[in-house]
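Survey of secondary and tertiary structure
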Amino acid sequence: SASNNSIIGNSMTGNSYGVNLESSLNNSIVGNSITNNLLGIRLDSSSNNSISANSIIANSWRGIFIDNSSNHNGIVGNNITSSEFGIVIYSSFDNSICETNLTANSARGVFLFLSSSNRISRSNVTGSLEGIGLYRCSSNSISANVIAVNAEHGIMLYDSSRNSLVGNTIRNNAHGMRLNSSSNNILYHNNFVYNGIQVSLKESFFNEWDYGYPSGGNYWSDYTVADLYSGNYQNETGSDGIGDRPYVIGEYDSVEPVVEDRYPIVAPSDAFNVGNWNSEQRQIHVVSNSTVSNFQLNEADKIIGFNVIGETGLGFCRVTIPNVIVQDLWQDNYTVLVDNALPLDIREWRDMENTYIYFTYQHSEHEVKMIPEFSLVAVLLLFMTISG
């Protein structure tokens, strides 16, 4: 029953608990070194607490344990390593794990049990038996994480439904993802890269593996179908960054209906945070067979820019921009330049949420800029005036 306290910059080692809060509200646990305890931080029936920027190392059982209706807690920017379980959330809702490194936790990086409406985002979960496990959970969000080099599963869903898994990179795990008795989940815009088995399924139905056209599905490193066509039925001339045939998903433990990603994207997707627009945090996504770097959005100059580099052949980008940004920056009129040369020919699709822009170039190193269309006209007029 202790509330409104700050626990900052301490060293806790060799205890049963590093920090133990019971029935406690609105506390801050910040910048502590919590090592070699049985349990690093425990919250029991404790809500609205902040756990940030702590080093939580070699606590033998659990790094952080959110237990027994501990709700609305924020876990941000921590380093959690060498425990049996990195973070456990049990019977709790609306907690957020963000920008946290979870490495070499022997059993599981993050484990949710009987918990709903929690969020795991922009975190690294590597080197465990199982990266992220949801057991009898619903309505949780797993987004924009890197989940890699886990010995059994990158992500495991057991008897779990209505969860959202979007925009994660899942690579070099024995199983990228396993669904067991888990249905009605949403899983798209993830990168499945060189997992021993990309996805395995058992008695898991009615999951959505793409977000329709033109938004698309997931990237699969073992998908080799060409991208020559576009459109809902992939029968219109011209590429769009989406493969021309569906990707058949999964190894099956029993005879089940074929599961497909109808619109697999043909290169990895990168997401770039661009701040709040209309009071909502927004991202711009770039699907490309080039390496993308130095992404910038300059709101004052109304420019979106980034660099691409590739060795040989034809490079492409498929840039997904929220419509609110396209309207605010360019009033829907824009052009794409590579190395400040003449405008590229582009292909464009729109839905209710986003604008999708596709263009190609010959591989080497380039600077890409997306600018208002009137800026190009002004540049050309100035060039003509100087030449005259």
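Scroll up to find the structure this text is about.
Here, residues in each chain are numbered from 1, in the same order as that chain's written sequence. Under the rules for a predicted model, residues below a pLDDT of 70 receive no local features and side-chain atom pairs below 80 are neither given nor counted, while totals for whole chains, interfaces and linings still include all residues. Hydrogens are left out, water is left out, and the side-chain values use all remaining heavy atoms of the structure.

1. Comments concerning the sheet that holds strand β25 (residues 186–188)
One open sheet accounts for 9 strands, arranged β1-β4-β7-β10-β13-β16-β19-β22-β25; its pairing is parallel. This sheet does not close on itself; its edge strands, each paired only once, are β1 (6–8) and β25. Each neighbouring strand pair of the sheet contributes to a mean axis angle of 5°, computed without reference to strand direction. Looking at chain direction, strand β7 (residues 50–52) and strand β10 (residues 74–76) are connected through 3 bridges and run parallel. Directly across from Ser50, in β10, lies its bridge partner Gly74. At least two DSSP bridges between two strands are required for those strands to pair. Secondary structure elements are taken from DSSP: a helix is a run of H or I of four residues or more, a strand is a run of E of two residues or more, and numbering for both begins at the N terminus. Lines fitted to C-alpha atoms define the axes, with helix axes restricted to the stretch in contact, and inter-axis angles between N-to-C directions lie between 0 and 180 degrees.

2. Details of the layout of surface pockets
Definitions used throughout: a 1 Å grid over protein atoms alone; a cavity as a set of points that fits a 1.4 Å probe which cannot get out; a pocket as an open set with protein on both sides within 12 Å along at least five of seven lines; a lining residue as one with an atom within 4 Å of a point. Grid points are joined across faces, edges and corners, and a volume is the space filled by probe spheres set on the points. Here the largest pocket defines a volume of roughly 830 Å³. Forming the boundary of the largest pocket are 27 residues, of which Val166, Glu280, Gln281, Gln283 and His285 lie nearest the centre. Residue assignment for the lining of the largest pocket shows that the elements contributing at least two residues are β13 (96–98), β16 (119–121), β19 (141–143), β22 (164–166), β34 (269–277), β35 (280–288) and β38 (314–322). Per-element accounting of the lining of the largest pocket gives the leading share, 5 residues, to β35. Residue classes follow a fixed rule: Ala, Val, Leu, Ile, Met, Phe, Trp, Tyr, Cys and Pro count as nonpolar, while Asp, Glu, Lys and Arg count as charged, and any other residue, Gly among them, counts as polar. A per-class count over the lining of the largest pocket returns 8 nonpolar, 14 polar and 5 charged.

3. Here we look at empty space enclosed by the protein
In the structure shown here, the tally under the stated rule is 1 cavity of 30 Å³ or more. Taken as a whole, the largest cavity holds about 60 Å³ of empty space. Taken together, His189, Ser215, Ile265, Ser269, His285, Val287, Arg318 and Thr320 make up the full set of residues lining the largest cavity. A breakdown of the residues in the lining of the largest cavity according to their chemical character gives 2 nonpolar, 5 polar and 1 charged.

4. Considering the pairing of strand β9 (residues 62–67)
Here β9 lies mainly inside the structure; 6 of its 6 residues are buried. For strand β6 (residues 39–44) and β9, the ladder comprises 5 bridges, and the chain directions are parallel. Residue pairing for β9: Ile41 is matched across the bridge by Ile64. Sheet topology note: the β9/strand β12 (residues 85–90) ladder contains 5 bridges and is parallel. Looking across to β12, one finds that Phe65 is bridged to Val88. A 1.4 Å probe rolled over the protein chains alone gives each residue an accessible area, and that area as a share of the maximum for its type sets the label: buried under 20%, exposed over 50%, partly exposed in between.

5. Examining the pattern of salt bridges
By definition, a salt bridge exists where a carboxyl oxygen of Asp or Glu is found within 4 Å of a side-chain nitrogen of Lys or Arg. Overall, the coordinates contain 10 salt bridges when judged by the stated rule. Two residues, Glu99 and Arg122, come together in a salt bridge whose shortest N-O distance is 3.3 Å. Highlighted residues: Glu99 in the loop between β13 and β14 (101–103) and Arg122 in the loop between β16 and β17 (124–126), separated in sequence by 23 residues. Residue Arg122 is classed as partly exposed on the basis of its relative accessible area, which comes to 36%.

6. A few points about the packing of aromatic side chains
Any Phe, Tyr or Trp ring, taking Trp's six-membered ring, that has another such ring centre within 6.5 Å forms a pair; planes under 30 degrees apart are called stacked, those over 60 apart edge-to-face, and the others tilted. All chains considered together, the criterion is met by 18 aromatic pairs. Considering the side-chain rings of Phe85 and Phe111, the 5.9 Å spacing of their centres and the 45° angle between planes classify their relative orientation as tilted. With Phe85 in strand β12 and Phe111 in strand β15 (residues 108–113), the pair connects residues that are 26 residues apart, well separated along the chain. Relative to Trp220, the ring of Trp209 lies with its centre 6.3 Å away and its plane at 45°, an arrangement referred to as tilted. Here Trp209, found in the loop between β27 (197–202) and β28 (219–220), pairs with Trp220, found in strand β28; they are 11 residues apart in sequence, far enough to count as distant. Take Trp209 and Trp220: they sit in the same class, and that class is buried. Taken together through their ring pairs, the aromatic side chains of Phe85, Tyr90, Phe111, Phe113, Tyr135 and Tyr158 make up a single cluster. We note Arg108 situated over the ring of Phe111; from NZ or CZ to the ring centre the distance is 4.6 Å. Definition used: whenever NZ (Lys) or CZ (Arg) falls within 6 Å of the ring centre and also within 35 degrees of the ring normal, the charge is taken to sit over that ring.

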